[in-house]
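Understanding the architecture of this molecule
Chain residues, written in single-letter form:
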Amino acid sequence: MTNKNGCVGSYNVSGYTRSDGTSVSGYTRTCGAAHNSQNDENLLQERANLLYPNTQTKQDNVLTGGAAQINNNQTIAGVERGEPMSIEEAGNGVNPSYNHQIKNDYTTNCQSSVAIFEARLRGYDIETKLPKGFDEIETLEDLKENPNNAYIDPKTGKKPYFTTLKVKNAEECEQWLNNNIKQGERYAFAFQPTTNNKNSGHILEVMKDNNGNLKFYDPQINRSVNKEYIKQIKFKFALNEVDYLPHILRVDDKELNIKILNQISKPARKVSNYF
């Protein structure tokens, strides 16, 4: 159970190898939160309680980045880590109970879907689940407000924070993403879609394909779109409206928070393609 500061308590971390080749021995972490050191800007950057926009294009095959090097020897939802999956394999089993005609936790779990997609890329054959019991419900609700709870920065041992893109329109947003995202990297990308009139948004992954083009992949609904997707994002630029700006977090180089993943996932069923 997490508290209002996002504390995940004490838990064991298995040894792993950093991207620079440095070996890190297993150890126990006491907390994944910044607590009183969090500032107001970080709290603003975490907010992403999200619904999905209605877009679809054919999915591309893209690079899987450094995922194979993270969370090497742990189990998630009782599932041992297998061979890393391709984008297509991973996306095909994230959220198979999703049905856009039935409004339930499977249509508002994009933040869980992004984290579970990352776990599947790393070889964990798991899928989303409906929360049961107080702890799981609280974890899911907190993850909607703080999707960065699902990750741990290997360099600090704490949860990472989203970066606010202080861009005024789709053109500036595209330029920022092109200038800062490299091939092989994956980012969680949170925003408010223009198709949603409520105070909520969406989160998915953005990356570059093998040709260096921006691609947005939505694990919740197993769809991939190109840069035209940016035109569906709301942009408001004012100090009191920072929540309306897109937020981004690199995830392929982060550890998964196993305690969080255990509460939002279950062993995957064998499915073909749920769309």
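Provided above is the structure to which this section pertains.
First, a word on what this report is: a plain description of the structure on this page.

Conventions and cut-offs
- Residues numbered from 1 in each chain as written.
- Predicted model: local features only at pLDDT ≥ 70, side-chain atom pairs only at ≥ 80, totals over all residues.
- Heavy atoms only, no water.
- Helix = DSSP H or I, 4+ residues; strand = E, 2+ residues; numbered from the N terminus.
- Areas by Shrake-Rupley, 256 points an atom, 1.4 Å probe, with all protein chains shown as cover.
- Salt bridge = Lys/Arg side-chain N within 4 Å of Asp/Glu carboxyl O.
- Buried < 20%, exposed > 50% of the residue type's maximum accessible area, 1.4 Å probe, protein only.
- Expected span 1.5 Å × (residues − 1).
- Contact = heavy atoms within 4.5 Å.

What follows is about the overall build of the protein. Secondary structure summary: the protein contains 6 helices and 14 strands in total. Summing over all exposed atoms, the protein offers an accessible surface of approximately 12500 Å²; the carbon and sulfur share of this is 45%.

Moving on to the pattern of salt bridges. This structure, assessed with the given rule, holds 14 salt bridges. Residues Arg186 and Glu118 are paired through a salt bridge, measuring 2.6 Å at the closest nitrogen-oxygen approach. Of this pair, Arg186 sits in strand β8 (residues 186-191) while Glu118 is found in helix α3 (residues 110-121), placing the two residues 68 residues apart along the sequence. Classification of Arg186 as buried rests on a relative accessible area of 0%. Residue classification places Glu118 among the buried residues on the basis of a relative accessible area of 0%. As a salt-bridge pair, Glu141 and Lys144 come within 3.4 Å of each other at their nearest N and O atoms. Separated by 3 residues within a single helix, Glu141 and Lys144 lie in helix α4 (residues 133-145), roughly one turn from each other. Residue classification places Lys144 among the buried positions, given a relative accessible area of 8%. What emerges from the salt-bridge pattern is a single network uniting Glu185, Arg250, Asp252, Asp253 and Lys254.

Our next topic: α4. In a regular helix each residue adds 1.5 Å, so 13 residues correspond to 18 Å; α4 covers 19 Å between its end C-alpha atoms and thus fits that length. Buried residues belonging to α4 abut α3 and α6 (258-264).

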